[in-house]
Amino acid sequence: MKKYTVAVVGVGAVGQEMIRVLKQRAFPVGDLRVFARSDRTITIDGIEYAVKELKDGAFKGVNIALFAGTEGEKGAANAFAAQAIKEGAVVIDNGADFRMKKDVPLVVPEANAKDIKTHKGIIANPNCSTIQMIVALAPIYKRFGLKRIIASTYQAVSGSGRSGIVQIENEYRQWATNTPESVERPMGDPISFNLFPHIGGFSDDDYTTEEWKVVHETHKIFHDKKIKISCTAVRVSVRNGHSEAVYFETSKPCTVQKIRALLSKAQGVILMDDPKNNKYPMPIHCDGKDETFVGRIRRDPFVKNAFWVWIVADNLRKGAATNAVQIAEELIKK
Ligand SMILES: NC(=O)c1ccc[n+]([C@@H]2O[C@H](COP(=O)([O-])OP(=O)(O)OC[C@H]3O[C@@H](n4cnc5c(N)ncnc54)[C@H](OP(=O)(O)O)[C@@H]3O)[C@@H](O)[C@H]2O)c1
């Protein structure tokens, strides 16, 4: 079997999960190069990895570069993706910098794997909250069409990176041990026993960037800008695993039974929908898993062909690392 030279850029919450996912899914890695902003050694599941500072020439000989660096002007993708492509790698980027660019496919393999072949050196992973919603809604969209989506997200602190995980752990430790230690709060406010109805920056229309990502990315992935979508994104006091309550209206007549039947066979979905026995997905079910869990399927009591679903997934895995590695798997198939 052909083996590939793979680079992972960033060793924060997502980058470390990428290294784990590559191994767990037995991606045919010949040589693995790991980059961040400085040289060091990290240990993941008992294995040591040498991390090198990202510099010119780092991607020579690399076939696939999985980017999990910070977004923005000084972020890894803006600074190094063009170089990686020039040096011969195909870039799969987790950040938002390239997602909405016209010639960059935005891919959730369960929904639009075919878009991968249009890439010109870079393929983007959607935002974590978009990915899990797409996995659950894609089969419904393909069979019944969708004209309206209203999503409320309940996003874990790991979605804000390694620093968010450290903050929540320190806050609960401080509370449990009743110590006066002062806790750094990169998220701004306390997240223990709390939530923030605000992720990302506010736009002029008072929606946040995180909320608009769900709208624009869903339109791009489905190649359908007619779906009327709006979202409220909330950061909750959960360590890992995003949840979403999603309302949708189908274009063609549909029933709860038909949705259950579709989702019970859908790629990447685990149906967990037995309300009489209190069975529904929770973040603890999805932690460390690659699938998207769906439950609480029910019809809206007032609107025809309108339904609610509850969708939960591991944001570091399906919402980031696993989706990127799945794209790499599709790439090498082609
Ligand atoms: N967390 C999630 O659930 C999630 C989900 C979907 C997408 N994403 C996206 O995935 C990316 C990574 O997120 P994260 O949560 O893993 O963040 P993180 O925990 O803050 O880690 C960021 C990593 O990027 C590295 N980095 C930043 N700028 C760099 C540069 N210029 N050159 C090389 N390395 C650089 C950092 O290096 P140092 O360690 O040396 O500082 C660090 O290892 C972000 O774009 C994020 O938006 C995250």
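Residues numbered from 1 in each chain as written. Predicted model: local features only at pLDDT ≥ 70, side-chain atom pairs only at ≥ 80, totals over all residues.

Overview of the overall build of the protein
Move 1: If you tally the helices and strands in the protein, you get 9 helices and 14 strands.
Move 2: Taken over the C-alpha trace, the protein has a radius of gyration of 20 Å; the compact-globule value for 334 residues is 20 Å, and the two agree within 12%.
Move 3: Seen through its C-alpha atoms, the protein measures out along the principal axes to roughly 60 × 55 × 40 Å.
Move 4: Counting across all 334 residues of the protein, residues that qualify as buried make up 46%.
Move 5: Restricting the contact set of the protein to residue pairs at least 6 apart, pairs at least 24 apart contribute 68%. (Helix = DSSP H or I, 4+ residues; strand = E, 2+ residues; numbered from the N terminus. Rg over C-alpha atoms; globule rule 2.2 N^0.38 Å. Buried ≥ 20, exposed ≤ 12 C-beta atoms within 10 Å, placed from the backbone. Contact = placed C-beta atoms within 7 Å.)

Structural notes on the domain arrangement of the protein
Move 1: If you check the domain split of the protein, you get domain 1 (4–126 + 320–333) and domain 2 (130–315).
Move 2: Here domain 1 and domain 2 have C-alpha centroids that lie 24 Å from each other.
Move 3: At the junction of the two partners, domain 1 supplies 14 residues and domain 2 supplies 18 residues.
Move 4: Elements supplying a minimum of two residues to the side of domain 1 that touches domain 2: helix H3 (109–112) and helix H9 (317–333).
Move 5: Of the residues contributing to the side of domain 1 that touches domain 2, the split by class is 8 nonpolar, 4 polar and 2 charged. (Domains from an automatic or database assignment. Nonpolar A, V, L, I, M, F, W, Y, C, P; charged D, E, K, R; others polar.)

Re the packing of helix H4 (residues 128–144) against helix H6 (residues 209–222)
Move 1: Where H4 contacts H6, the axes come no closer than 10 Å and their chain directions differ by 45°. The angle between H4 and H6 places the two elements in the oblique class. Here H4 runs over H6; the crossing is right-handed. Side by side, H4 and H6 meet where Ser129, Thr130, Met133, Ile134 and Tyr141 of the first sit next to Lys213, Val214, Glu217, Thr218, Ile221 and Phe222 of the second.
Move 2: Taken together, the residues of the contact of H4 with H6 break down into 6 nonpolar, 3 polar and 2 charged. (Axes fitted to C-alpha atoms, helices over the stretch in contact; angles between N-to-C directions. Parallel < 35°, antiparallel > 145°, perpendicular 65-115°, else oblique. Left-handed = near helix turned anticlockwise from the far one by under 90°.)

Comments concerning the sheet that holds strand S6 (residues 90–93)
Across a sheet, paired strands are connected by hydrogen bonds in the backbone, their directions being either parallel or antiparallel.
Move 1: Pairing within the open sheet is mixed, and its 7 strands lie in the order S3-S4-S2-S1-S5-S6-S7. Edge strands, defined here as strands with exactly one partner in the open sheet, are strand S3 (40–44) and strand S7 (122–124). The average undirected angle you get between the axes of adjacent strands in this sheet is 25°.
Move 2: Pairing analysis gives 3 bridges linking strand S2 (residues 29–36) to strand S4 (residues 47–53), with the strands arranged parallel. Considered in S4, the bridge of valine 34 is made with valine 51.
Move 3: Those strands touched by helix H2 (residues 76–86) are strand S1 (4–9), strand S5 (64–67), S6 and S7, and its axis lies near 160° from that of S6. (Pairing = 2+ DSSP bridges.)

Details of the environment of leucine 262
Move 1: Tracing the backbone through its elements, the reader meets leucine 262 in helix H7 (residues 256–264).
Move 2: Filtering out sequence-adjacent residues up to four positions away, leucine 262 remains in contact with Pro139, Ile140 and Arg143.

Digging into the packing of helix H1 (residues 13–24) against H9
Move 1: Put simply, H1 and H9 touch, their axes get as near as 9 Å, and they point 50° apart. In terms of orientation, H1 lies oblique with respect to H9. In this structure, H1 meets H9 at a crossing whose hand is right-handed. Contacts from Val14, Glu17, Met18, Val21 and Leu22 of H1 reach H9 at Arg317, Ala320, Ala321, Thr322, Ala324 and Val325.
Move 2: Looking at the contact of H1 with H9 residue by residue, the class counts come to 8 nonpolar, 1 polar and 2 charged.

Considering the site of the ligand
Move 1: The local shell around the ligand holds 32 residues, among which Gly10, Gly12, Arg37, Gly95 and Gly161 are the closest.
Move 2: Per element, the largest residue contribution to the shell around the ligand is 3 residues, and it comes from H1.
Move 3: Lining the shell around the ligand are residues from two domains, each supplying at least three of them: domain 1 (4–126 + 320–333) and domain 2 (130–315). (Near = placed C-beta within 6 Å.)

With respect to the sheet that holds strand S10 (residues 228–236)
Move 1: If you walk across this open sheet you meet the 7 strands as S9-S10-S8-S11-S14-S13-S12, and the pairing is mixed. Only two strands of the sheet have a single neighbouring strand rather than two, namely strand S9 (195–196) and strand S12 (269–271).
Move 2: Across the sheet, H7 is in contact with S12, strand S13 (292–299) and strand S14 (306–313); its angle to S13 comes to roughly 170°.

Considerations on H9
Move 1: When the terminal C-alpha atoms of H9 are compared, their 21 Å separation across 17 residues is substantially less than the 24 Å that a helix rising 1.5 Å per residue should span.
Move 2: Maximal helix bending in H9 amounts to about 35°, located at asparagine 323.
Move 3: Among all positions of H9, only Arg317, Lys318, Gly319, Ala320, Ala321, Thr322, Asn323, Ala324, Val325, Gln326, Ile327 and Ala328 are buried. (Expected span 1.5 Å × (residues − 1). Bend = angle between axes of the 7 residues up to and from the residue.)

Digging into the pairing of S13
Move 1: Here 3 bridges tie S12 to S13, and the two strands are oriented parallel to one another. Bridging across to S13, isoleucine 270 finds its partner in phenylalanine 293.
Move 2: Alignment of S13 against S14, held across 6 bridges, turns out to be antiparallel. If you follow arginine 298 over to S14, its bridge partner there is tryptophan 308.
Move 3: Between S13 and the antiparallel strand that follows it, S14, lie 6 residues; asparagine 305 among them carries a positive phi value of about 55°.

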